Amino acid sequence: MMFLAPKLYQHPEFKIGMRELAPQALGIAAWGLMTGVSMVKAGMGLWASIAMTLLVFAGSSQLAAIPLIVAGAPAWVILVTGFCVNLRFVVFSLHLRPYLIHLPRWERLLHGYVTADISYVLFTKRFHHPGKTPEEQLNQEAYLAGNDCLNWGSWMVASLLGIALANFIPPSWGLGFAGILCLLGIQCSLASTRLRMVSSAVAGIAAVTAYALPLKLNIVVAIAAAVILCLSLERIKPHIQRRPA
Amino acid sequence: MFGVIVGLSAVTVVARSFFFLSNQDWQLPHWAQRGLQYAPIAALSAVVVPEIVMSQGAFITTWQDARLFAAAAGAVIYFSKRDVLMTIIGGMAVYLPLHLGLGF
């Protein structure tokens, strides 16, 4: 793994990335745990559950794919479903492109593969602009690697634990809600300008209103609605917001 | 089944790297660049809000739902302590007794 590249893990930003992810690790772990439990409870075999955890590394697409796999749906249906559920990452990749594009392709893809929601949010929160010098670029890459490393580790350990303990942790306890509280905390931390609060409110309402759409497309619709509305508001009232602090 | 799992892993890589799969030179239009600063909070809100106010695909019709109290407590804790870990712990400290104790 690229985390093993000494220029990254020996870099001070690697530790900062880990430290900034640490408060979220409990929420990530709770979510991973319940994803592990769900896979086994849904009737995926032990080895398939383990393989899925280690390879797919995307909670929402795993949860969407499980019932389809168990029901024996055609492979292409499962893959298209997985992609649609992951569409928010396509938006994130647009944001991350200028930060990573200087790297060789396989390194970019490896970074992309391990950068899930929380790491993306923390990374873009810390670095408002892509690095301009090789030093800045390395700082950012090391931060991202440290952040991803702890995120990956807490998810994997908890998910495998969930697979092992599936019969002792009933989903009805609702432990997975800790993952939602984790995202809620990060969401609050991003509400630094009035337009971002508008974005948050609009996306929340849109996601509920469009909930009936298949394949979690309500999330993509909500992001689009919030971004378009905020851009329009910026035009009408340019003084209400410039760059956040 | 293992073929599907490998395929889903490829889907993860492609979705998360979509716009940097190719390194062909192109510039994002300025408005889109500006719009992206509103995307992270929108994405989180779009994931979080339905998980708090919906149940089995429908808007909840009762206030007796542990998630509402836990989310409210979590938000208050975040804005007073600025700490995500405290938000998780405090929110669950409200959620679990209400959910398991009172059946909310």
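The written sequence of each chain sets the order in which its residues are numbered from 1. Throughout, the order in which chains and ligands are written sets their labels, letters from A for the former and numbers from 1 for the latter. Per-residue local features of the predicted model are confined to residues with pLDDT of at least 70, and side-chain atom pairs are confined, for both listing and counting, to 80 or more; whole-chain, interface and lining totals are unaffected and use all residues.

J.: Mind laying out the overall build of chain B, listing which residues take part and the relevant values?
T.: What counts as a helix is a DSSP run of H or I of at least four residues, what counts as a strand is a run of E of at least two, and both are numbered from the N terminus. A count of helices and strands for chain B gives five helices and two strands. Start at the N end of chain B and walk to the C end: the helices and strands fall as α-α-α-β-β-α-α. Atoms considered for the radius of gyration are the C-alpha atoms alone. The globule rule reads 2.2 Å times the number of residues to the power 0.38. In terms of overall dimensions, chain B is more spread out than a globule: its C-alpha atoms have a radius of gyration of 20 Å, far above the 13 Å expected for 104 residues. Reported as C-alpha extents along the three principal axes, the dimensions of chain B are approximately 55 × 40 × 30 Å. Buried positions account for 43% of the 104 residues belonging to chain B. Pairs at least 24 apart in sequence give 37% of the contacts found in chain B among residues at least 6 apart. Partly exposed residues are those whose C-beta has more than 12 but fewer than 20 other C-beta atoms within 10 Å; with 20 or more the residue is buried, with 12 or fewer it is exposed, and the C-beta atoms are placed from the backbone. What counts as a contact is two residues whose backbone-derived C-beta atoms lie within 7 Å of each other.

J.: Give a description of the nonpolar core that names residues and reports values.
T.: As used throughout, a nonpolar core is a set of buried Ala, Val, Leu, Ile, Met, Phe, Trp, Tyr and Cys residues joined through C-beta atoms within 7 Å of each other. Of all hydrophobic cores here, the largest spans 106 residues; its most connected members are Ala203, Ala222, Ile223 and Ala226 of chain A together with Ala42 and Ala46 of chain B. If you tally residues by element for this core, the top one is helix H2 (residues 12-41) of chain A, at 14 residues. Each domain's extent was defined by an automatic or database domain assignment. Each of domain 1 (2-190) and domain 2 (192-245) of chain A accounts for three or more of the residues forming this core. In this structure, alanine 203 of chain A is in contact with Ala222, Ile223, Ala225 and Ala226 of chain A together with Ala42, Ser45 and Ala46 of chain B, ignoring residues within four places of it in sequence.

J.: So, the interface of chain B and chain A: which residues are in play, and what are the values?
T.: At the interface, 60 residues of chain B touch 73 residues of chain A. If you list the elements that add at least two residues to the side of chain B that touches chain A, you get helix H1 (2-16), helix H2 (30-35), helix H3 (39-53), helix H4 (66-81) and helix H5 (84-101) of chain B. The element best represented in the side of chain B that touches chain A is H3 of chain B, accounting for 15 residues. For the side of chain B that touches chain A, the per-class residue count stands at 42 nonpolar, 13 polar and five charged. When residues are grouped by polarity, Ala, Val, Leu, Ile, Met, Phe, Trp, Tyr, Cys and Pro land in nonpolar, Asp, Glu, Lys and Arg in charged, and all others, Gly among them, in polar.

J.: Before we move on, could you go through the domain arrangement of chain A and cite the residues and values that matter?
T.: Residue and element names in this part refer to chain A. On domain assignment, one finds that chain A holds domain 1 (2-190) and domain 2 (192-245). Here the C-alpha centre of domain 2 lies 23 Å away from the C-alpha centre of domain 1. In this assembly, nine residues from domain 1 lie in contact with nine residues from domain 2. Those elements that place two or more of their residues in the side of domain 1 that touches domain 2 are helix H5 (75-85), helix H6 (87-100) and helix H10 (177-190). Partitioned by chemical class, the residues of the side of domain 1 that touches domain 2 number five nonpolar, three polar and one charged.

J.: Please provide a residue-by-residue account of the environment of arginine 126 of chain A, values included.
T.: Considering the arrangement of structural elements, one finds arginine 126 of chain A in helix H8 (residues 117-126). Taking the C-alpha atoms as reference points, arginine 126 of chain A and glutamine 140 of chain A, separated by 14 residues in sequence, lie 9.1 Å from one another.

J.: Describe unusual backbone geometry, and please don't skip the residues or the numbers.
T.: One non-glycine residue, leucine 215 of chain A, lies in the positive phi region at around 60°. Mapped onto the fold, leucine 215 of chain A is located in the loop between helix H11 (194-209) and helix H12 (217-236). With 16 C-beta atoms counted inside 10 Å, the residue leucine 215 of chain A sits in the partly exposed group. Non-glycine residue arginine 82 of chain B carries a positive phi angle of around 55°. Residue placement: arginine 82 of chain B occurs in the loop between H4 and H5.

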